[in-house]
Amino acid sequence: MIALEVSNLVKKYGDFEAIKNISFEVRQGEIFGLIGPNGAGKTTTLRTISTLIQITSGYIKVYGYDVKKEGSHVRKIISYLPEDAGAYRNLTGKEYLEFVAKFFTKDKNSLKKMTDKGIEIANLNERINAKIDTYSKGMMRKLLIARAMMTEPKLAILDEPSSGLDVINAREVRKIIKESVNNGKAVLLSSHNMLEVEYMCDRIALINSGKIVEVGTPKELKEKYQAPNIEDVFIEVIK
Ligand SMILES: Nc1ncnc2c1ncn2[C@@H]1O[C@H](COP(=O)(O)OP(=O)(O)OP(=O)(O)O)[C@@H](O)[C@H]1O
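This one's a predicted model, so the numbers in the text were calculated from it and none came from an experiment. (Residues numbered from 1 in each chain as written. Predicted model: local features only at pLDDT ≥ 70, side-chain atom pairs only at ≥ 80, totals over all residues.)

Thoughts on the site of the ligand
Here's step 1: What surrounds the ligand is the set Tyr13, Phe16, Ala18, Gly36, Asn38, Gly39, Ala40, Gly41, Lys42, Thr43 and Thr44.
Here's step 2: Among the secondary structure elements, those contributing two or more residues to the shell around the ligand are β2 (16-27) and α1 (42-49).
Here's step 3: Sort the elements by how many residues they give to the shell around the ligand and α1 lands first, with three residues.
Here's step 4: Broken down by class, the residue content of the shell around the ligand amounts to four nonpolar, six polar and one charged. (Near = placed C-beta within 6 Å. Helix = DSSP H or I, 4+ residues; strand = E, 2+ residues; numbered from the N terminus. Nonpolar A, V, L, I, M, F, W, Y, C, P; charged D, E, K, R; others polar.)

Describing helix α5 (residues 137-149)
Here's step 1: In this model α5 runs 18 Å from its N-terminal to its C-terminal C-alpha over 13 residues, within 8% of the 18 Å that 1.5 Å per residue would give.
Here's step 2: Every buried residue of α5 is accounted for by Met139, Arg141, Lys142, Leu143, Leu144, Ile145, Ala146, Arg147, Ala148 and Met149.
Here's step 3: Looking at the buried positions of α5, the neighbouring elements they touch are β6 (78-81), α3 (93-104), α4 (108-122), β7 (155-159) and α6 (167-180). (Expected span 1.5 Å × (residues − 1). Buried ≥ 20, exposed ≤ 12 C-beta atoms within 10 Å, placed from the backbone. Contact = placed C-beta atoms within 7 Å.)

Section: the sheet that holds strand β4 (residues 57-62)
Here's step 1: As summarised here, the arrangement of the four strands in space is β2-β1-β4-β5, forming an open sheet in which the pairing is antiparallel. Among the strands making up the open sheet, the edge pair consists of β2 and β5 (65-66).
Here's step 2: The pairing of strand β1 (residues 2-13) with β4 spans five bridges and is antiparallel. Looking at β4, one finds that Glu5 is bridged to Lys61. (Pairing = 2+ DSSP bridges.)

A short note on the nonpolar core
It is characteristic of soluble globular proteins that their nonpolar side chains tend to be buried jointly.
Here's step 1: By size, the foremost hydrophobic cluster in this structure holds 62 residues, and its most contacted members are Leu4, Leu155, Ile157, Val187 and Leu188.
Here's step 2: Here this core takes seven residues from α5, the largest share from any one element.
Here's step 3: Every residue in contact with Leu155, bar those within four places of it in the chain, is listed here: Ala3, Leu4, Val62, Ile77, Ile78, Ala186 and Leu188. (Core = buried A, V, L, I, M, F, W, Y, C linked by C-beta atoms within 7 Å.)

A few points about the domain arrangement of the protein
Here's step 1: Partitioning the protein into domains gives domain 1 (1-77 + 157-167 + 176-238) and domain 2 (86-152).
Here's step 2: Just the C-alpha atoms count here: the centres of domain 1 and domain 2 sit 26 Å apart.
Here's step 3: Looking at the side of domain 1 that touches domain 2 residue by residue, the classes come out as four nonpolar, two polar and one charged. (Domains from an automatic or database assignment.)

Thoughts on the sheet that holds strand β3 (residues 31-35)
Here's step 1: With mixed pairing, the six strands of this open sheet are ordered in space as β6-β7-β8-β3-β9-β10. Both outer strands of the open sheet, β6 and β10 (211-216), are each paired with one neighbouring strand and no more. Strand-to-strand, the axes of this sheet are offset by a mean angle of 15°, without reference to chain direction.
Here's step 2: Summarising the sheet, β3 and strand β8 (residues 186-191) pair through five bridges and their orientation is parallel. When the bridges of β8 are listed, Leu34 appears paired with Ser190.
Here's step 3: Across the sheet, α5 touches β6 and β7, and the angle it forms with β6 is around 165°. (Axes fitted to C-alpha atoms, helices over the stretch in contact; angles between N-to-C directions.)

Considering the environment of Lys11
Here's step 1: Mapped onto the elements of the fold, Lys11 is located in strand β1.
Here's step 2: As for Lys11 and Gly58, which are separated by 47 residues in sequence, their C-alpha atoms are 8.9 Å apart.
Here's step 3: Aside from chain neighbours lying at most four places away, what touches Lys11 is Ala18, Ile19, Thr44, Thr48, Ile55 and Thr56.

Some thoughts on the environment of Asn38
Here's step 1: Looking at the element boundaries, Asn38 is found in the loop between β3 and α1.
Here's step 2: Sequence separation between Asn38 and Asn208 is 170 residues, and the spatial gap between their C-alpha atoms is 8.9 Å.

The structure is reproduced here in structure tokens:
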């Protein structure tokens, strides 16, 4: 089953065409990476899929639901983690997770289950009961990853999931993301970290100046460009 279908997507900001007719698919059970230089259009693409900004032309379907016509349904089955997301600083981490969980369920048991899952993913130990105000950048990011993943979205859309995390925490976050697709879900992420992409993604699309210039598995792309790693593929492609 196709988790995400992006077809002939165009997004203009005024006269400026930020996304120039891109198409790609993400399959169920797949981690798909969107890779590209600053300003390539990654965030714009993720925001259109997340129903946050309007499409100029083309269409996007999430598990068959049209983002434009069935946005409210799409929002129920996705989770979007923005690159620069924040949380309510006056709440504790646990209170924040509870607050978010209440948007997804009113049932007490499932509310507790969802919050407990978030606490487990965040893995902040006793600091989950401290005010978010006192969190480091890395702790905040882990809390936000937990928020995005605790609802078990059918499609998680993660903008630079491990940005600002040290090696240990970044590894932990990658593990969480990898495990989340095991039961037939899908993840679309953007990243500047080529090692991360190579390790995590089943397939990647390279995007440059609003166009997709390559799609494939890391192995296929390395072979095609006779490159030892994805960083070298990337340099070769955008040259
Ligand atoms: N609200 C906006 N109004 C006008 N132009 C915008 C707006 N948002 C983004 N852009 C432009 O669209 C292009 C794509 O931006 P986008 O943020 O999608 O890139 P990106 O690949 O996510 O970049 P980065 O890696 O730096 O986060 C850029 O040229 C950017 O300046």
